[in-house]
Amino acid sequence: MSQTTKTIEVIHKPEFIQGNEFKFPIFQVLKQDGATYKGAKLPEMDQEEALKIYRTMVFTRVLDERMLAAQRQGRLSFYLQSTGEEGTVVGFAAALDDRDMIMAQYREQGALAYRGFSVDEFMNQLFGNELDYGKGRQMPIHYGSAKLNYMTISSPLATQIPQAAGYAYGQKLEGKGLCTVTVFGEGAASEGDFHAALNMASVHKVPVIFLCRNNGYAISTPSSEQFAADGIAPRALGYSMRAIRVDGNDVLAVYLATLAARKIAVEENEPVLIEAMTYRLAAHSSSDDPSGYRSKKEEDVWRAKDPIARMRNWLIKKKWWSEDEEKQLQDSMRQEVLDAMKKAEKRPPPPVESLVTDVYDEVTPQLHEQLEKLKMHVRKYPDAYPKSAGRMTHG
Amino acid sequence: MAKMNLLQAINNALDIAMAENEKVICFGEDVGVFGGVFRATSHLQEKYGRARCFNTPLVEQGIIGFANGLAAQGHMAVAEIQFADYIFPAFDQIVNESAKYRYRSGNLFDVGGLTIRTPYGGGISGGHYHSQSPEAYFAHTPGLKIVVPRNPYQAKGLLLSSIRDANPVVFFEPKRIYRASVGEVPEEDYELPLGKAEVLKEGSDITLLAWGAQMEYIEKAAEMAEKDGISCEIIDLRTILPWDVDTVANSVLKTGRLVISHEAPLTGGFAGEIAATIQERCFLYLESPIARVTGLDTPFPLVLEKEYLPDHLKIYEAIKQSVNF
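Note that the structure is predicted; figures quoted are calculated from it, not measured.

### What about the overall build of chain B?
Scanning chain B from terminus to terminus reveals 12 helices and 14 strands. Computed over the C-alpha atoms, the radius of gyration of chain B is 19 Å, within 12% of the 20 Å expected from 2.2 N^0.38 for a compact globule of 325 residues. The dimensions of chain B, computed from C-alpha atoms along their principal axes, are 60 × 45 × 40 Å. The buried share of chain B, taken over its 325 residues, is 65%. Counted over contacts in chain B with a minimum sequence separation of 6, partners at least 24 positions apart contribute 81%. Accessible surface, chain B as shown: approximately 11,900 Å² in total, 53% of it carbon and sulfur.

Structural data, given as structure tokens:
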């Protein structure tokens, strides 16, 4: 179809439109002390759901603390924390239908936990043992669950974003009233895949929610060196897509924004972009040291906006939560994580045969041959391959 | 049986696949009303609607990213990349995503329903951005299947198998013979096996191996050699990944000689892989070194493409050298 002709204003002097003149407002409902902003309408949420959201946020922070410690002790090869961003992640997950697909990046443990991924399932992946669904093939934190509609994480940044558009197109064709949510950082929004995805999704009208966690840093690169515009949200306008900017540390605001975005996606078959303004309080990963590129003072400003504390303050104000319950929760979760870690660590790794499965739907003759050769070699030098020697099937 | 050219055979295969299963979705640049620049998708939108056959924006990484997601969701995505030369913007999506979806998720998710169709190769005065043969880049990537048909009959049967195969397939179409190659093609549904080479002609002195448009030159060279009294065995590899080692090795055990020909440059070309494997399998049976007749290690030229291309005369010379070693 050609460009549609509309009555447009004609000018007779070269006047340019400045891209950054438009400033996106930011949507907030909760103050840090747990009070509600005047005029803000809170979601209709019962105590049970509110506490599920809160417990999930606390769980991921406990998990992050314990696993980072485990990494420092050399028990784990790598870890990525979501500290500071729990509000964004658990907030969006709570607003979805559990059958909606989530195609996340790597800092969205909270969404998976909210859907019911157990502490044992987390640990099996982190330690890559024989119970890991990914069969020990990917680095720690590359979770996935078909049962929970959570697409297995892939390391290359932004690749999941156009895939989400395609996935959502399939959902639309099947007419089941479901959508796909894809999550990424503001750094990933610089990749070509991001732009390709927004264009494909808006042209083909697919029920997808693009959720950007604008957490200030892409490893060490601050957002000021990542984009010149007013963040990521304005980019949606160029693709004729609706967008909202939300306080990512306000879990209830994220919840409300996602609920509204989902309605647009599912009922109108239109993509929506949400930009959640948050802050990566932790390092990028266990291999990173943020003291090399930002001040403690800057971090403290954001620590004062802690999303978990904000939610807790609200719950206490509503008398749905108390300091006693808090202490009990913290203690029991720490214990649960520790116990699960000890159990997962002891589990053996996947068998050597798993090296050649799932490359194709069936093992090819070449791969059979390569495996047999490898097994003969391992049998000859068992001491050099302790993970596999003695655990191989014959043949 | 009907007479079809290679494009019509591909169109016919797509038509059959779409009629049979509503989950088959075709898309790419200009594939909608227009039917693709080469008309491979003609009339499909008319028959199956805009939801199942549509134009995409000009964004190869978007097309394949979208196709990966659609296939992961359970549809059979048949994505067209207008020229194989333009597949590289989608390289990351193909090599890091399509190829590894099943493996990295431990078989929780896969994009087995994905087929990427793309015209490849020279001989059309297209210069370097409309003539490349990039199969070797993908051949280094476990998890993909790579298929190249040589004529209309093969194209239809192999494409139907590719669409229905439970793995992502890159289907390279020899565009030089899109219209030039005409043959009898059954109108009904049939499949040809992936991962299987085909012995076109048996012979005893030398094995000639190629795929796609190159088969025409191989056959021509064999005719010339036969006149010199050299008996040639001709094999069409058909699937480059995973390739049929046994058929090629058995042939070389018999003939003792092997000439491999492809359009892509020599260094790092797939002929090198075949030569290494066959040398391992057939070392004591080889009467002469395995010969490779390929394009030069240069970008694809425009005016001098006839000189660049590994034609029947170059293959004929390699046959004689091999036999007289």
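### So, the pattern of salt bridges
Under the counting rule described, the total for this entry stands at 52 salt bridges over all chains. The salt bridge involving Glu173 of chain B is made with Arg117 of chain B; its shortest N-O contact spans 2.6 Å. On the criterion of sequence distance, the pair formed by Glu173 of chain B in strand 7 (residues 169-174) and Arg117 of chain B in strand 5 (residues 115-120) is long-range, its members being 56 residues apart. When its relative accessible area of 2% is taken as the criterion, Arg117 of chain B is described as buried. Asp246 of chain B is the partner of Arg281 of chain B in a salt bridge, and the nearest nitrogen-oxygen pair spans 3.2 Å. Taken together, the residues span a long stretch of sequence, with Arg281 of chain B in helix 10 (residues 270-282) and Asp246 of chain B in helix 9 (residues 245-255) at a distance of 35 residues. Salt bridges linked by common partners bring Arg294, Lys296, Glu299, Asp300 and Arg303 of chain A together as one network.

### As for unusual backbone geometry
Backbone torsion omega between Leu241 of chain B and Pro242 of chain B reads -15°, so that peptide bond is classified as cis. Mapped onto the secondary structure, Pro242 of chain B falls in the loop between strand 12 (239-241) and helix 9. Of note, Asp358 of chain A is a non-glycine position whose phi angle comes to about 70°, a positive value. Turning to its location among the elements, Asp358 of chain A is positioned in the loop between helix 11 (323-346) and helix 12 (365-380). Asp358 of chain A sits in the buried class, given a relative accessible area of 9%.

### Observations concerning the interface of chain A and chain B
On the chain B side, the residues contacting the 44 residues of chain A number 45 residues. For the chain A and chain B pair, buried surface summed over both sides reaches about 3,600 Å², with 61% attributable to carbon and sulfur atoms. Ranking the residues of chain A by area buried against chain B places Gln163, Met200 and Tyr360 of chain A at the top, with a combined share of 18%. Between Glu369 of chain A and Arg281 of chain B there is a salt bridge, with the nearest N and O atoms lying 3.7 Å from each other. For the pair chain A and chain B, the number of links is 22 residue pairs in polar contact (both at pLDDT 80 or more). Listed by contribution, the elements that provide at least two residues to the side of chain A that touches chain B are strand 1 (101-103), helix 5 (160-174), helix 6 (192-204) and helix 12 of chain A. In terms of residue class, the side of chain A that touches chain B is built from 19 nonpolar, 18 polar and seven charged.

### Section: the packing of aromatic side chains
All told, the structure shown has 30 aromatic pairs over all chains when counted by the stated rule. Measuring from ring centre to ring centre gives 6.1 Å for Phe117 of chain A and Tyr143 of chain A, while their planes differ by 70°; the resulting arrangement is edge-to-face. Taken as a pair, Phe117 of chain A in the loop between helix 3 (109-114) and helix 4 (119-127) and Tyr143 of chain A in the loop between helix 4 and helix 5 lie far apart in primary sequence, 26 residues in all. Note on accessibility: Phe117 of chain A and Tyr143 of chain A belong to one class, buried. Taken together, the ring pairs in this structure connect Phe88, Phe91, Tyr120, Tyr137, Phe138 and Phe172 of chain B into an aromatic cluster. Taking NZ or CZ as reference, Arg137 of chain A lies 3.9 Å from the ring centre of Tyr103 of chain B, over its face. Directly above the aromatic system of Trp302 of chain A lies the positively charged group of Lys305 of chain A, at a separation of 4.2 Å from the ring centroid.

### Topic: the nonpolar core
Counting 125 residues, the largest nonpolar core has Phe210 of chain A together with Phe27, Leu237, Ile274 and Ile278 of chain B as the members making the most contacts within it. Taken domain by domain, this core gets at least three of its residues from each of domain 1 (24-34 + 42-346) and domain 2 (352-390) of chain A. Beyond its immediate chain neighbours, meaning those up to four positions away, Phe210 of chain A contacts Ile161, Thr182, Phe184, Ala197, Leu198, Ala201, Met241, Pro271, Val272, Leu273 and Ile274 of chain A. Tyr54, Val89, Ile264 and Trp321 of chain A belong to the second-largest nonpolar core, a separate cluster that totals 74 residues.

### Side note on the packing of helix 1 (residues 6-20) of chain B against helix 7 (residues 152-164) of chain B
Residues and elements named next belong to chain B. In contact at an axis separation of 8 Å, helix 1 and helix 7 are set at 30° when each is read in the N-to-C sense. Accordingly, the angle class assigned to the pair helix 1 and helix 7 is roughly parallel. Note on packing geometry: the crossing formed by helix 1 with helix 7 is right-handed. Contacts between helix 1 and helix 7 involve Leu6, Ala9, Ile10, Asn12, Ala13, Leu14, Ile16, Ala17 and Glu20 on the former and, on the latter, Pro152, Ala155, Lys156, Leu159, Leu160, Ile163 and Arg164.

### What about the environment of Thr182 of chain A?
Note that Thr182 of chain A resides in strand 2 (residues 180-185). Only 3.0 Å separates the side chain of Thr182 of chain A from the backbone oxygen of Met103 of chain A, close enough to count as a polar contact.

### Concerning the sheet that holds strand 9 (residues 198-201) of chain B
Residue and element names in this part refer to chain B. With respect to topology, five strands assemble into an open sheet ordered 9-11-10-13-14, the strand pairing being mixed. Each edge of the open sheet is held by one strand with a lone partner, namely strand 9 and strand 14 (291-295). Within the sheet, the average angular offset between the axes of one strand and its neighbour, ignoring direction, is 25°. Together, strand 9, strand 10 (206-210), strand 11 (232-236) and strand 13 (258-265) form the strand contacts of helix 9, whose direction differs from that of strand 11 by roughly 170°.

### Thoughts on the sheet that holds strand 12 of chain B
Residue and element names in this part refer to chain B. With mixed pairing, the seven strands of this open sheet are ordered in space as 3-2-4-5-7-6-12. The open sheet has two free edges, formed respectively by strand 3 (53-55) and strand 12, since each of these has just one partner strand. Across this sheet, the average inter-strand angle for adjacent strands is 20°, counted without regard to direction. Pairing analysis gives six bridges linking strand 5 to strand 7, with the strands arranged parallel. Looking at strand 7, one finds that Pro119 is bridged to Glu173.

Cut-offs applied
Residues numbered from 1 in each chain as written. Chains lettered and ligands numbered in written order. Predicted model: local features only at pLDDT ≥ 70, side-chain atom pairs only at ≥ 80, totals over all residues. Heavy atoms only, no water. Helix = DSSP H or I, 4+ residues; strand = E, 2+ residues; numbered from the N terminus. Rg over C-alpha atoms; globule rule 2.2 N^0.38 Å. Buried < 20%, exposed > 50% of the residue type's maximum accessible area, 1.4 Å probe, protein only. Contact = heavy atoms within 4.5 Å. Areas by Shrake-Rupley, 256 points an atom, 1.4 Å probe, with all protein chains shown as cover. Salt bridge = Lys/Arg side-chain N within 4 Å of Asp/Glu carboxyl O. Buried area = accessible area lost by both parts, 1.4 Å probe. Polar contact = N/O pair within 3.5 Å; in protein donor to acceptor, adjacent residues only side chain to side chain. Nonpolar A, V, L, I, M, F, W, Y, C, P; charged D, E, K, R; others polar. Phe/Tyr/Trp six-rings, centres within 6.5 Å; stacked < 30°, edge-to-face > 60°. Lys NZ or Arg CZ within 6 Å of the ring centre and 35° of its normal. Core = buried A, V, L, I, M, F, W, Y, C linked by side-chain atoms within 4.5 Å. Domains from an automatic or database assignment. Axes fitted to C-alpha atoms, helices over the stretch in contact; angles between N-to-C directions. Parallel < 35°, antiparallel > 145°, perpendicular 65-115°, else oblique. Left-handed = near helix turned anticlockwise from the far one by under 90°. Pairing = 2+ DSSP bridges.

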